[in-house]
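As a plain string of letters, each chain reads:
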Amino acid sequence: MQTVAVIDYGMGNLHSVAKALEHVGAGKVLVTSDAAVIREADRVVFPGVGAIRDCMAEIRRLGFDSLVREVSQDRPFLGICVGMQALLEHSEENNGVDCIGLFPGQVKFFGKGLQEDGEHLKVPHMGWNEVSQANHHPLWHDIPDRARFYFVHSYYINAGKPSQVVGRGHYGVDFAAALADGSRFAVQFHPEKSHTHGLQLLQNFVAWDGRW
């Protein structure tokens, strides 16, 4: 039986992610902060919610920045929400925070006074939004283009390498909703809260061999 490690660094709704993975037949799902268990897992999920400064402080305190670099190289790896943002180079949240740097690019604030066609948009961006599939990827299997997923975020990703953007969203500005590079895949939305399409993405992750 394969094992899926959900990295626990004290930030994120880890058990809802774990339950969703179990629901799609992920095998043995372990919510863990044990580096040895994470290294032994067949697949790794890196969720997160909250302020990036707090997240990065815990990630570095636990040595998970180097661990994430290591385990995301050779097995299927999924970053979710702030877990995705932490994989970028830098976030402008809290006057600037250096992140893990697996994907080039910046995490930027939507800003105050965000508008679309003269209409004021609330920040955080919270609720259902379309994701345009910018590139083919195994994790999009059986998910239609422009499917809707559930988002909760005040900061968005401005990717440094357009070829890594496999999903795009729009909320006042265009932003990267999904990034991919080798065995790494990361999403700004919450698949565990996105009903049918979110569960399909998690099922695709469970079946994925890590190649792209």
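Anything mentioned here points back to the structure above.
Residues numbered from 1 in each chain as written. Predicted model: local features only at pLDDT ≥ 70, side-chain atom pairs only at ≥ 80, totals over all residues. Heavy atoms only, no water.

The next thing to look at is the side chain of S91. With respect to the element layout, S91 can be found in strand β5 (residues 90–91). The exposure class of S91 is buried, given its relative accessible area of 0%. Those residues within four positions of S91 in sequence are excluded, and the remaining contacts are I52, G96, V97, C99 and V107. (Helix = DSSP H or I, 4+ residues; strand = E, 2+ residues; numbered from the N terminus. Buried < 20%, exposed > 50% of the residue type's maximum accessible area, 1.4 Å probe, protein only. Contact = heavy atoms within 4.5 Å.)

Quick look at the nonpolar core now. Looking at soluble globular proteins, one finds that nonpolar side chains tend to be buried together. In this structure, L21, V45, F46, L87, W140 and F185 are the most contacted members of the largest nonpolar core, which totals 73 residues. Here this core gets six residues from one element, more than from any other, and that element is strand β14 (residues 173–181). Residues in contact with W140, not counting those within four places in the same chain, are V131, Q133, N135, F149, V166, G167, A178, F185, F189, L201 and N204. (Core = buried A, V, L, I, M, F, W, Y, C linked by side-chain atoms within 4.5 Å.)

Taken together, nine strands build an open sheet; the order of strands is β2-β1-β3-β4-β15-β14-β13-β10-β11 and the sheet is mixed. The two strands at the open ends of the sheet, each matched to only one other strand, are β2 (28–32) and β11 (147–153). Strand-to-strand twist in this sheet, taken as the mean axis angle between neighbours without regard to direction, amounts to 25 degrees. Where strand β1 (residues 3–7) meets strand β3 (residues 43–46), three bridges bridge the pair, whose relative direction is parallel. If you follow V4 over to β3, its bridge partner there is R43. (Pairing = 2+ DSSP bridges. Axes fitted to C-alpha atoms, helices over the stretch in contact; angles between N-to-C directions.)

Once that is clear, we can look at the state of the cysteines. This structure, assessed with the given rule, holds zero disulfides. Here C55 is not cross-linked by a disulfide; its sulfur's nearest cysteine counterpart is in C81, at 9.0 Å. Relative accessible area serves as the criterion here: at 0%, C55 is assigned to the buried category. The thiol of C99 is not disulfide-bonded; the next cysteine sulfur, from C55, is found 9.4 Å away. (Disulfide = S-S within 2.5 Å.)

Okay, the pattern of salt bridges next. Summed over the entire model, instances satisfying the criterion amount to eight salt bridges. In this structure, R61 engages E58 in a salt bridge whose closest nitrogen and oxygen atoms are separated by 2.9 Å. Of this pair, R61 and E58 both sit in helix α3 (residues 52–61), three residues apart, which is roughly one turn of the helix. Classification of E58 as partly exposed rests on a relative accessible area of 24%. Taking the shortest distance from any N to any O, the salt bridge between D65 and R60 comes out at 3.9 Å. Under the relative-accessibility criterion, R60 is labelled partly exposed at 38%. (Salt bridge = Lys/Arg side-chain N within 4 Å of Asp/Glu carboxyl O.)

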